[in-house]
There are 2 protein chains.
Amino acid sequence: MATATNAPWTIDRYGGIIVDNAHDAFVRAARTPEAFDATLGGWLATWRASGARGVWLKLALDDARLVPVAKERGFEFHHAERTYVMMTTWLPSDEASTIPNNASHQVGVGAFVYDGENEKVLLVQERRGPASGRDLWKMPTGLLEAGEDIPDAAVREVLEETGIETTFDAVVGCRHGHFGLFGKSDLFFCVGLRVKDGASREIKIQETEIERAKWASVDEFLNNPNIEPGSHAHALHERCVRWSVGDYAGIVGKKLPLGFGRSGDVYTYVTTET
Amino acid sequence: MATATNAPWTIDRYGGIIVDNAHDAFVRAARTPEAFDATLGGWLATWRASGARGVWLKLALDDARLVPVAKERGFEFHHAERTYVMMTTWLPSDEASTIPNNASHQVGVGAFVYDGENEKVLLVQERRGPASGRDLWKMPTGLLEAGEDIPDAAVREVLEETGIETTFDAVVGCRHGHFGLFGKSDLFFCVGLRVKDGASREIKIQETEIERAKWASVDEFLNNPNIEPGSHAHALHERCVRWSVGDYAGIVGKKLPLGFGRSGDVYTYVTTET
């Protein structure tokens, strides 16, 4: 995938430099900001001479003292996770940067849980956040965890928030908004779940996040005074109800082989077969 | 949305502190790392005494000298964009952090462009990246730009890569993988496009990204030696071909009112009406 060198960096297939911040030579150079500054200056000269394009410099939280050095040497921030910040710089002066963007989306699920035995829908009121404090009965919702699939996230959120065990049936629809946290976009997958065979209907709420929860009638769900008819949410709710009575099949999630010579399966979402 | 104070921070509805790094009092405190360290220590004592929970500290690239100070005061990285890094710390010692995760997904599109007049499909070979250098004919693909909708991204990528003008018809399917850049997940929306009425079929490739492009037969597309039958890609390809001849409706994108008292529309994806 990448070309190894004796120095603390590799060259990727796009002509980019990936600095290995765990390499002995990096650790030695990084002992003080002053030493790192001198070494980084030399590396940059080498990379420029070699015709390299983008440089990826990952700095651990414990190496935060090096962030100002990299900034002064022309690096920008690219993305960060709890324990590191990735900084980049683009070397060619005659070509626009092709450094790919950071992750752009949060992905959330909303769970329409239908109890066919009692013809009831599971609704919650949130204790914190944008939906709290305005008597809003809503379906359980939440964000996907890292590496999590949509069906698993929906089942997990319902179990965490209400204690009800469910099984995934279909994605009813999806809303794509551009008003997420930190200026990001968000995809919201509205999912149809059924109460697991033989599971209890007794609700045990997650006290920190949920104010109250209940089994409601389908009419109460569909005629929610907070959900304007014609809005995207009402359109999704209407399809949830049609799904619950078998009038709407929605989007099926299938695990299919990844292909391209790679092992493993991935969820692929398509409409039901005609 | 948030409570203003005379100090350079506001309190959000989750009990969190949002530091305003453009506030005069912040700029004064941030003149040197030493001055910022003393001031930040005082602020933290105030926040703890007030029962605050999470603290959001946004540091501009030009304030990179403050990153080591924040780290020593217990802040971690949360996310970053080109011009800033967001750092956070969680103050309650008796409660787990509820600071939401950073964006978790890249979202990409793959464009199946069908020319109904000539019964041809538009294919490309990439010049750079994972799909390059292995004689792989593929549909044009690309990542969504910030704030971009799926139909717009598909039409834009095709125009950029090949010069062909198209119109959006339907999402054919979606693949959800967990092997994206920087350890993120990715959603890939496979989209059916038609050549715009009266538009030229003449291909003009984007030299920096595309090695070659051509109009191919549907048979060549479906019997791609790089796409194993049974794999997720083959399943999506098969549905593309069925979409092109009207045997598969796919997932419809509709702009619907946002609702919840907010103005504007959002794309909502549902299956076609039965």
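Rules and cut-offs
Residues numbered from 1 in each chain as written. Chains lettered and ligands numbered in written order. Predicted model: local features only at pLDDT ≥ 70, side-chain atom pairs only at ≥ 80, totals over all residues. Heavy atoms only, no water. Core = buried A, V, L, I, M, F, W, Y, C linked by side-chain atoms within 4.5 Å. Buried < 20%, exposed > 50% of the residue type's maximum accessible area, 1.4 Å probe, protein only. Contact = heavy atoms within 4.5 Å. Salt bridge = Lys/Arg side-chain N within 4 Å of Asp/Glu carboxyl O. Helix = DSSP H or I, 4+ residues; strand = E, 2+ residues; numbered from the N terminus. Domains from an automatic or database assignment. Least-squares fit on C-alpha atoms with pLDDT ≥ 70 in both. Pairing = 2+ DSSP bridges. pLDDT = per-residue confidence, 0-100. Expected span 1.5 Å × (residues − 1). UniProt positions renumbered as here; feature names shortened; annotations may be inferred. Polar contact = N/O pair within 3.5 Å; in protein donor to acceptor, adjacent residues only side chain to side chain. Buried area = accessible area lost by both parts, 1.4 Å probe.

An unreviewed UniProt entry lists chain A under the name Nudix hydrolase domain-containing protein, with Ostreococcus lucimarinus given as the organism.

A. The nonpolar core, seen in detail. In this structure, A:Trp47, A:Val85, B:Trp47 and B:Val85 are the most contacted members of the largest nonpolar core, which totals 54 residues. Once residues within four sequence positions are removed from consideration, B:Trp47 is found in contact with B:Trp9, B:Ile17, B:Val19, B:Leu40, B:Ala52, B:Val55 and B:Leu91. Counting residues in hydrophobic clusters, the runner-up holds 46 residues, among them A:Tyr267, B:Val158, B:Cys174 and B:Trp215.

B. Here's a closer look at the pattern of salt bridges. All names here are of chain A. By the definition in use, this model includes 41 salt bridges over all chains. Between Arg127 and Glu207 there is a salt bridge, and its shortest N-O distance comes to 3.9 Å. Here Glu207 lies in the loop between strand E11 (185-195) and strand E12 (210-217) and Arg127 lies in the loop between strand E8 (120-126) and strand E9 (141-143), a separation of 80 residues in the sequence. Taking the relative accessible area as the measure of exposure, Glu207 reaches 54% and is therefore exposed.

C. Just the domain arrangement of chain A, in detail. Domain annotation of chain A identifies domain 1 (3-90) and domain 2 (105-246). Computed over C-alpha atoms, the centres of domain 1 of chain A and domain 2 of chain A are 44 Å apart.

D. Geometry of the relation of the copies chain A and chain B. Between chain A and chain B, the superposition needs a rotation of 180 degrees and an axial shift of 0.0 Å, giving an RMSD of 0.1 Å. Expressed as a symmetry operation, the mapping of one chain copy onto the other fits a two-fold axis.

E. Broad picture of the pairing of E11(A). All names here are of chain A. Among the 11 residues of E11, 10 are classified as buried, and the element is accordingly described as predominantly covered. Strand direction decides the pairing type here: strand E7 (residues 105-115) and E11, joined by 10 bridges, are parallel. Residue pairing for E11: Ala111 is matched across the bridge by Val191. Note that strand E10 (residues 166-177) and E11 share 10 bridges and pair antiparallel.

F. View of the pairing of strand E7 (residues 105-115) of chain B. Residue and element names in this part refer to chain B. Along E7, 11 of the 11 residues are buried, which leaves the element largely enclosed by surrounding structure. Because side chains alternate across E7, one face comprises the buried residues His105, Val107, Val109, Ala111, Val113 and Asp115, and the other comprises Gln106, Gly108, Gly110, Phe112 and Tyr114, equally buried. As paired strands, E7 and strand E8 (residues 120-126) are joined by two bridges and run antiparallel to one another. Looking at E8, one finds that Asp115 is bridged to Lys120.

G. The confidence of the model for chain A, seen in detail. Looking at chain A as a whole, its pLDDT mean stands at 92, while 97% of the residues score no less than 70. When pLDDT is averaged over each helix and strand of chain A, the minimum, 48, is found for strand E1 (residues 3-4) of chain A and the maximum, 98, for helix H3 (residues 67-72) of chain A.

H. Structural view of helix H2 (residues 33-49) of chain B. Residues and elements named next belong to chain B. Between the first and last C-alpha of H2 there are 24 Å, a value that for 17 residues agrees with the 24 Å anticipated at 1.5 Å per step. Among the residues of H2, those classed as buried are Phe36, Leu40, Gly41, Trp43, Leu44 and Trp47. Buried positions along H2 lie against strand E2 (9-11), strand E3 (17-19), helix H1 (24-29), strand E4 (54-60), helix H3 (67-72) and strand E6 (84-90).

I. Spatial organisation of the UniProt feature "domain: Nudix hydrolase" (unreviewed entry) in chain A. In this structure's numbering, the residues bearing the UniProt feature "domain: Nudix hydrolase" (unreviewed entry) are residues 104-238 of chain A. With 19% helix and 39% strand, residues 104-238 of chain A has its two end C-alpha atoms placed 29 Å apart.

J. How the structure looks around the environment of B:Thr98. Residues and elements named next belong to chain B. By secondary structure assignment, the location of Thr98 is in the loop between E6 and E7. With residues up to four places along the chain from it excluded, the contact list for Thr98 reads Arg53 and Trp90. A distance of 3.3 Å separates polar atoms of two side chains, one belonging to Thr98 and the other to Arg53.

K. Geometry of the interface of chain A and chain B. Listed as interface residues are 87 residues of chain A and, on the opposing side, 87 residues of chain B. Of the roughly 7300 Å² buried between chain A and chain B on both sides combined, carbon and sulfur atoms contribute 60%. When the buried surface of chain A facing chain B is broken down by residue, A:Phe77, A:Phe182 and A:Phe260 rank first, second and third, together holding 11% of it. There are six salt bridges connecting chain A and chain B.

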